[in-house]
Structure formats: C-alpha cells, structure tokens
Amino acid sequence: MEKIEIGKIVNVVGLKGEVKVYNYSDSADIYETVPELYVGNELMAIEGVRVQKNMIILRLAGITDRNGAEALRGRVLYIRESDLPQLPEGQYYVRDLIGMEVTEENGSLLGHVTDVLQNTAQDIFEVERPGGRKLLIPKVDQFILDIDAGSRRITVRLIDGMLDL
C-alpha cells in the first residue's frame, strides 16, 4: 500500500485539540471524503473538517486538548493511494506525470518530467534534458500534443528557439 502525502500539521487551533493543516492538494475536498488518514505513521479517524482562510482545520479522533494537538505539530499527513479520487479523462496527478518521457512529434527524446509547476496561469512541465539542462514546457495544446499514461510518454511540438533558452 502506497501512502500519498497530502499535507502537514503546522499549528494548533484553540483548546479542544484541533490542528491547522497546510494542504498540499489543490482542494480541501480530500479531507472531507476520507474517513481516516495517516498522521505520520499512525492511522487516525477524522471527526471534523473546516476551512479557515485557505487552511484546513481538522479534529482527529483521540485528540481532545491542546497538549494532544501540540504533540502532532510538524507531522505529515498521508492518505492511501486507493483513497485518491478518480480524475476526469485528460487530467493527471502530478505524481503520475513525474518521470514520463518527453519526445518531440518526430520521436526524438527531449528528456523526462522532473516537476510540474502549478503556480502560473497554466501548468508547466519541467523537463530534465540529457546533460542536466532544464526545459520548461507550458501545458497548453499548442505544445502538448499527447499524454499517453499507458506508455508514460508525452509528445510535444516546440517552437523554434525553445531548446536554445
């Protein structure tokens, strides 16, 4: 069973044992759809979830006071891989894109995806080229021709000069 990192406990809230979570996911929904999660290596039931100023506030089973919550500070939160929701066709989890081979439409290898930058208008694939140079490719139809999850290959069309940057 693979565990997927989804957040980290960064603080406590109040006196009744709630914890503040920095969420690694783009949505708080995952916390509301799973009945339990791993806090470090310990499986704990979720008794309550709320959102406060873009932070997730969790109430976990067995944590009833501030001291109990303080003991969890800094722990990473995980869910089981089987708890991940199915994505619509054409959407992928970043973890599934990492390591994919990137080729031009003529079949020449450009490199492998090492990261997906998501804090821009569109996602950007970071591709490590042979020799260690990085290439950034926006995830837009003009550049991304096909993502084949089965063969773990992304086919792209680059514009002139893009490899020279």
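The model shown is predicted, which means the values in this text are computed figures rather than measured ones.

1. Here's the deal with the layout of surface pockets
Okay, step 1: Size it by volume and the largest pocket reaches roughly 830 Å³.
Okay, step 2: As for the largest pocket, its lining consists of 24 residues, of which S25, D26, Y92, Y93 and V94 are closest to the centre.
Okay, step 3: Every element with two or more residues in the lining of the largest pocket is listed here: β1 (3-13), α1 (29-33) and α3 (94-97).
Okay, step 4: Residues that form the lining of the largest pocket fall into these classes: 12 nonpolar, six polar and six charged.

2. Observations concerning unusual backbone geometry
Okay, step 1: For K53, which is not glycine, the phi dihedral falls at a positive 50°.
Okay, step 2: In this structure, K53 sits in the loop between β4 (42-52) and β5 (55-60).
Okay, step 3: Note on K53: relative accessible area 79%, which makes it exposed.

3. Some remarks on the pattern of salt bridges
Okay, step 1: This model, assessed by the stated rule, comprises 12 salt bridges.
Okay, step 2: Close ionic contact of D83 with R80 constitutes a salt bridge, the shortest N to O distance being 3.4 Å.
Okay, step 3: Through salt bridges with shared partners, a single network forms among E2, E81 and R95.

Cut-offs used in this document
- Residues numbered from 1 in each chain as written.
- Predicted model: local features only at pLDDT ≥ 70, side-chain atom pairs only at ≥ 80, totals over all residues.
- Heavy atoms only, no water.
- 1 Å grid on protein atoms, 1.4 Å probe; cavity = no way out; pocket = protein on both sides within 12 Å on 5 of 7 lines; lining within 4 Å.
- Points joined across faces, edges and corners; volume = space filled by probe spheres on them.
- Helix = DSSP H or I, 4+ residues; strand = E, 2+ residues; numbered from the N terminus.
- Nonpolar A, V, L, I, M, F, W, Y, C, P; charged D, E, K, R; others polar.
- Buried < 20%, exposed > 50% of the residue type's maximum accessible area, 1.4 Å probe, protein only.
- Salt bridge = Lys/Arg side-chain N within 4 Å of Asp/Glu carboxyl O.

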